[in-house]
Amino acid sequence: MDKITIHDIQAKKTRGEPITMLTAYDYPTALLLEQSGIDVILVGDSVGMVVHGLESTLPVTMDMMVLHCRAVRRGAARALVIGDMPFMSYQLGIDDAKRNAARLLVEGGADAVKLEGGAHMAPTVRALVEIGIAVQGHIGLTPQSVSQMGGFKVQGKSVAAARKLIDDARALERAGAFSLVLEGIPARLAGLITRSVSIPTIGIGAGAACDGQVLVTHDLLGLFDRFTPKFAKQYADLAGAMRAAFDAFRADVQARAFPAPEHEFTLPDDVWDAIAASDSDNGG
Ligand code: KIV
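The structure presented is a predicted model; accordingly, all values stated were derived computationally and were not measured.

What counts, and where the lines are drawn
Residues numbered from 1 in each chain as written. Predicted model: local features only at pLDDT ≥ 70, side-chain atom pairs only at ≥ 80, totals over all residues. Heavy atoms only, no water. Axes fitted to C-alpha atoms, helices over the stretch in contact; angles between N-to-C directions. Helix = DSSP H or I, 4+ residues; strand = E, 2+ residues; numbered from the N terminus. Parallel < 35°, antiparallel > 145°, perpendicular 65-115°, else oblique. Left-handed = near helix turned anticlockwise from the far one by under 90°. Contact = heavy atoms within 4.5 Å. Nonpolar A, V, L, I, M, F, W, Y, C, P; charged D, E, K, R; others polar. Near = heavy atom within 4 Å. Polar contact = N/O pair within 3.5 Å; in protein donor to acceptor, adjacent residues only side chain to side chain. Areas by Shrake-Rupley, 256 points an atom, 1.4 Å probe, with all protein chains shown as cover. Buried < 20%, exposed > 50% of the residue type's maximum accessible area, 1.4 Å probe, protein only. Pairing = 2+ DSSP bridges. Salt bridge = Lys/Arg side-chain N within 4 Å of Asp/Glu carboxyl O.

A.B. asks: Is there a simple way to explain the packing of helix α8 (residues 159-175) against helix α9 (residues 187-196) in this structure?
C.D. replies: To describe two helices that pack against each other, one gives the angle between their axes and the distance between the axes. For the pair α8 and α9, interaxial distance at closest approach is 10 Å and the crossing angle is 30°. As summarised for this structure, α8 and α9 are arranged roughly parallel, according to the angle between their axes. Our pair here, α8 against α9, has a crossing hand that is right-handed. Contact residues: Ala162, Leu165, Ile166, Ala169, Arg170 and Glu173 in α8; Leu189, Leu192, Ile193 and Ser196 in α9. Looking at the contact of α8 with α9, its residues break down into seven nonpolar, one polar and two charged.

A.B. asks: Mind showing me how you'd approach the site of the ligand here?
C.D. replies: Every residue near the ligand is listed here: Thr23, Leu42, Gly44, Asp45, Ser46, Asp84, Lys114, His138, Val181, Glu183, Ile204 and Val216. The side chain of Ser46 places a nitrogen or oxygen atom 2.5 Å from an oxygen atom of the ligand. Measuring from an oxygen atom of the ligand, one finds a side-chain N or O atom of Lys114 at 3.0 Å. In isolation the ligand offers 260 Å² of accessible surface; the protein chains occlude 95% of this area.

A.B. asks: I tried to follow the environment of Pro200 on my own but got confused; where do I start?
C.D. replies: Looking at the secondary structure, you find Pro200 in the loop between α9 and β7 (201-204). In this structure Pro200 comes out as buried when scored by relative accessible area, which is 0%. As for Pro200 and Ala248, which are separated by 48 residues in sequence, their C-alpha atoms are 46 Å apart. Excluding its chain neighbours within four sequence positions, the residues that come into contact with Pro200 are Ile9, Gln10, Lys13, Ile19, Phe178, Ser179, Leu180 and Asp211.

A.B. asks: What exactly am I supposed to notice about the sheet that holds strand β6 (residues 179-183) here?
C.D. replies: Strand pairing in a sheet relies on backbone hydrogen bonds. The paired strands run either parallel or antiparallel. Read around the closed barrel, eight strands run β1-β2-β3-β4-β5-β6-β7-β8, paired in parallel fashion. Between one strand and the next, the sheet's axes are offset by a mean angle of 25°, whatever the strand orientation. Inspection of the sheet shows strand β3 (residues 80-84) paired to strand β4 (residues 112-116) by three bridges, in the parallel sense. The residue of β4 that forms the bridge with Ile82 is Ala112.

A.B. asks: It is not clear to me how the side chain of Asn100 should be interpreted in this structure. Could you clarify?
C.D. replies: Relative to the elements of secondary structure, Asn100 occurs in helix α5 (residues 94-106). Dropping the residues within four chain positions of it, Asn100 is found in contact with Met62, Met85 and Ser89.

A.B. asks: Sorry, what's going on with the pattern of salt bridges here?
C.D. replies: The tally for this structure, following the rule as stated, stands at 13 salt bridges. We note a salt bridge from Arg103 to Asp63, for which the minimum N-O separation is 2.9 Å. Of the two residues, Arg103 sits in helix α5 while Asp63 sits in helix α4 (residues 62-75), which places them 40 residues apart along the sequence. We note a salt bridge from Asp168 to Lys164, for which the minimum N-O separation is 3.0 Å. Taken together, the residues Asp168 and Lys164, both in helix α8 and four residues apart, mark about one turn of the helix. Assessed through its relative accessible area of 6%, Asp168 is described here as buried. Residue class for Lys164 comes out partly exposed when judged on its relative accessible area of 45%. Each of Lys12, Arg15, Glu17 and Asp39 takes part in a single network of salt bridges with overlapping partners.

Here it is in structure tokens:
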């Protein structure tokens, strides 16, 4: 099957076909997402919280993102892979943003980058697009601004805040963003934004009217319970399955039930006899 491009994602919006996007941070997960036919794999800076156990996404570095992107790329030949720009990798200046976005593409193998922020980020988005880098915007609940928002809170709840989000979406579209993540926004507002831009919107906690949906894979699999947002539907209990497997291993080892004969390597009898004879002192 052909590799998915940003044009395929755009065509899905035009045809009214929902776009699927999930996060991955490693090779085996990327392989499984690919086998499921997920359109877009986001190597999100959520890796900091769900894989590295950090309190927020703020301490995530470019080196971490490049490493995780590279692992995901090896497992995902077909899906569109988007590398997330971590905190302070694009806010300090356009040259910095260009250098860091290029690292995600060149060293990490990503097809595109994502960055958080509204109209104030439009010049950065435009500068990246002008040098050939595809950019996905991210507005609404933007976790890198968690301190400013006073926590992980739904955004766009007043008329002024809603108007600002609509303006942000249009500014990012004009700057050349190929798609927008809408996070933590009331569903009707997300629907209005989706209708008012021609690029695809991918919602997370933004209702059913978006052009596509994204979840953090660890939430979907039941692998992260430190913080469970209302919008995160859990499709599996992998934590339960893993705990049961770890408990069974511990019990088997303690009972000397593992390894069993089928897990052992054997020596031909004549070789064993010779070894034993050469070391008879130790009861070989
Ligand atoms: O980092 C991430 O996983 C994200 C998604 C929540 C969209 O930005």
